[in-house]
Amino acid sequence: MTAAATGTGLVTLGETLGLLVAEDVGPLSLARGMRLSMGGAESNVAIGVSRLGVPATWIGRLGRDPIGDLVERHLLAERVRCLVQRDDAPTALMLRERRTGSTQNVTYYRHGSAGSHLCPDDLPAGVVEEAGVLHLSGITPALGKAPAAAVREAVRRARAAGVPVSVDLNFRSRLWDAATAAPVFRELAAGADMLFAGDDEARIALEIDDPEKASPEELATALAALGPAEVVVKRGRRGATALIDGELVDVPALPVQVVDSVGAGDAFVAGYLACRLNGRDVAERLRTAAVTGALAVTVPGDWEASPRPHELALLDAEEDVQR
């Protein structure tokens, strides 16, 4: 994959948090140590896109604290341009408990955080307008009125400048309930050119209570009716269902040994958007997205396993050791 991206590549905005992950499996209260890193849906996508050779910019607020320094340092090390406002409020933090070998529980400390103060004035003039794609998530509007206004302003600027808008719904039950999120999700979908949603998130947006009531194809079709020309319903281990410019496509999952499933959806989105920015066709976008999503779950961490171009063929290798 070459860096022939249109515009200035990906521009995204949102909250990135410090991340503490228990080193041991079991109750967090018995953990003997924690690993410090960072994570955030939008910055995870920015890193994934950047690793695939496409320019990426992250806009956000961080505290004037060591966690804020850590977040910015990690992003800069991943060649993500950071347009950051420093805030007197603290950088948000999340704790991840590995309750069993296959399940995790996340506790957030983000109320009143620097990221929750994100506002329209934090959008530098011309940055959104010069993007190849503006990428947003449904998390940011849940942080408060000012972050929601920042998202709406970013969409307004992108639409006025003819910049494609990508949205990943990313429902977070710790921030709001489904009934509150639903109308906001529909508003985001209506302003999007590309929409990504888990099947559960699609049902929230469409206010479908019965999980058996609509098939993935029906969910994708109903979401597309809200406005976006490209819809991808992410189904985890069952793959994905895409409706791109009226054509339904089934995307099979790739078999891998799952170590940490967090971040798989963000990596999937990054693979799709990097290919789109590089002018690749629908088949390659979806194939790359499936690979990047699969590789993301093979090591611990939200973004650490996002592949570089030469690693996209790892899952096709016949030998375990590459020399």
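These remarks concern the structure in this document. Only a predicted model underlies this, so the values are computations on that prediction, with no experimental measurement involved.

**A few points about helix α8 (residues 282-296)**
An α-helical segment advances 3.6 residues per turn. Residues three or four places apart therefore align on the same side. Here α8 spans 21 Å end to end across 15 residues, near enough to the 21 Å set by a 1.5 Å rise per residue. Of all 15 residues in α8, eleven are buried; the element is thus mostly enclosed. Considered for burial, the residues of α8 that qualify are Arg285, Leu286, Thr288, Ala289, Ala290, Val291, Thr292, Gly293, Ala294, Leu295 and Ala296. Looking at the buried positions of α8, the neighbouring elements they touch are β11 (230-234), β12 (240-244), β13 (247-251) and α7 (264-277).

**Examining the pairing of strand β8 (residues 133-137)**
If a strand is regular, its side chains alternate between the two faces of the sheet. With five of five residues buried, β8 is to be regarded as a mostly interior element. Burial along β8 is two-sided: the residues Val133, His135 and Ser137 and Leu134 and Leu136 are all buried. Where strand β1 (residues 10-13) meets β8, three bridges bridge the pair, whose relative direction is parallel. Considered in β8, the bridge of Leu10 is made with Val133.

**Re the packing of helix α4 (residues 178-190) against helix α5 (residues 199-206)**
One can describe the packing of α4 onto α5 by two numbers: an axis separation of 7 Å at closest approach and a directional angle of 85°. In this view, α4 runs roughly perpendicular relative to α5, as classed from their interaxial angle. For the pair α4 and α5, the contacting residues are Ala178, Ala181, Ala182, Phe185 and Arg186 in the first and Glu201, Ile204 and Ala205 in the second.

**With respect to the pattern of salt bridges**
A side chain of one charge can pair with a side chain of the opposite charge if their charged atoms are brought near each other. Applying the stated criterion to the full structure yields 20 salt bridges. The partner of Arg51 in a salt bridge is Glu78, and the shortest N-O contact between them spans 2.9 Å. Placement of the pair is Arg51 in helix α1 (residues 41-51) and Glu78 in the loop between α2 (66-77) and β5 (80-87), with a sequence separation of 27 residues. There is no split in this pair, since Arg51 and Glu78 are both buried. Of the charged contacts, one joins Arg285 and Glu230 as a salt bridge, the two residues approaching to 3.3 Å between their closest N and O atoms. Separated by 55 residues along the polypeptide, Arg285 in helix α8 and Glu230 in strand β11 bring together distant segments of the chain. Here the two residues Arg285 and Glu230 agree in accessibility, since each one is buried. Each of the salt bridges in this network shares a partner with another, and the network as a whole consists of Arg61, Asp87 and Asp122.

**Digging into the packing of aromatic side chains**
Counted according to the given criterion, the structure contains three aromatic pairs. Ring centres of Trp176 and Phe185 lie 5.9 Å apart, and the angle between their planes is 80°; this geometry places the pair in the edge-to-face category. Ring geometry for Phe196 against Tyr272: centres 5.4 Å apart, planes inclined by 80°, an arrangement best described as edge-to-face. Here Tyr272 lies in helix α7 and Phe196 lies in strand β10 (residues 194-198), a separation of 76 residues in the sequence. Residue Phe196 shares its accessibility class with Tyr272, and that shared class is buried. A cation sits over an aromatic face here: Arg110 above Tyr108, 4.9 Å from the ring centre.

**Brief notes about the nonpolar core**
Within soluble globular proteins, side chains that are nonpolar tend to cluster in buried spots. Grouped together as the largest cluster of nonpolar side chains are 41 residues, with contacts concentrated most on Leu13, Leu134, Leu136, Val167, Phe185 and Leu223. Considering each element in turn, this core owes the most residues, six residues, to α4. With residues up to four places along the chain from it excluded, the contact list for Leu13 reads Glu42, Trp58, Ile59, Leu118, Leu123, Leu134, His135, Leu136, Thr140, Ala150, Val151 and Ala154. Ranked by size, the runner-up nonpolar core spans 38 residues in total, among them Leu10, Val54, Phe268 and Leu312.

**Here's the deal with the sheet that holds β10**
In sheet architecture, strand pairing relies on hydrogen bonds along the backbone and comes in two forms, parallel and antiparallel. Ordered in space as β5-β4-β1-β8-β9-β10-β11-β12-β13, the nine strands form an open sheet in which the pairing is mixed. Lying at the two open borders of the sheet, with one neighbouring strand each, are β5 and β13. Each strand of the sheet is rotated relative to its neighbour by a mean of 15°, with strand direction disregarded. Here three bridges tie strand β9 (residues 165-168) to β10, and the two strands are oriented parallel to one another. Within β10, the residue paired with Val167 across the bridge is Leu195. Of the strands in this sheet, β1, β8, β9, β10, β11 and β12 touch α7, which is tilted by about 160° from β10.

**Section: the side chain of Ser43**
The residue Ser43 is located in helix α1 in this model. Judged by relative accessible area, Ser43 falls into the buried class, the value being 0%. Polar side-chain contacts of Ser43 include one of 3.2 Å to the backbone oxygen of Gly40.

The rules we used
- Position numbers for residues start from 1 in each chain and track the written sequence from start to end.
- It should be noted that, the model being predicted, local features are given only for residues of pLDDT at least 70 and side-chain atom pairs only at 80 or more, the latter also being counted only at that level, while totals for whole chains, interfaces and linings use all residues.
- Values shown for side chains rest on all heavy atoms present in the structure; no hydrogens or waters enter the calculation.
- Helix and strand definitions follow DSSP, with helices as H or I runs of at least four residues and strands as E runs of at least two, each counted in order from the N terminus.
- Under the convention used throughout, the expected extent of a helix is 1.5 Å for every residue step, that is, one less than its residue count.
- Three exposure classes are used, based on accessible area relative to the maximum for each residue type with a 1.4 Å probe and protein chains only: buried under 20%, partly exposed in between, and exposed over 50%.
- Residues count as neighbours in contact if any of their non-hydrogen atoms are within 4.5 Å of one another.
- The criterion for strand pairing is that DSSP finds at least two bridges linking the strands in question.
- Axis definition: a line fitted to C-alpha atoms, over the contacting stretch in the case of helices. Angles run 0 to 180 degrees between N-to-C directions.
- Any angle that is under 35 degrees is reported as roughly parallel, and any over 145 degrees as roughly antiparallel; angles of 65 to 115 degrees are reported as roughly perpendicular and all others as oblique.
- Any carboxyl oxygen of Asp or Glu within 4 Å of a side-chain nitrogen of Lys or Arg constitutes a salt bridge here.
- Classification of ring pairs rests on two measures: the distance between centres of Phe, Tyr or Trp rings, Trp counted by its six-membered ring, which must be within 6.5 Å, and the angle between planes, read as stacked under 30 degrees, edge-to-face over 60 and tilted in between.
- When the NZ atom of lysine or the CZ atom of arginine is within 6 Å of a ring's centre and also within 35 degrees of its normal, the charge is said to sit over that ring.
- What is meant by a nonpolar core is a set of buried Ala, Val, Leu, Ile, Met, Phe, Trp, Tyr and Cys residues, joined one to another through side-chain atoms within 4.5 Å.
- As used in this structure description, the phrase polar contact means that two N or O atoms lie within 3.5 Å; if the pair is within protein, one of them must be able to donate a hydrogen and the other to accept it, and residues adjacent in sequence are counted only when both atoms belong to side chains.

So, to be careful, I would describe these as geometric facts and stop short of saying anything about function.
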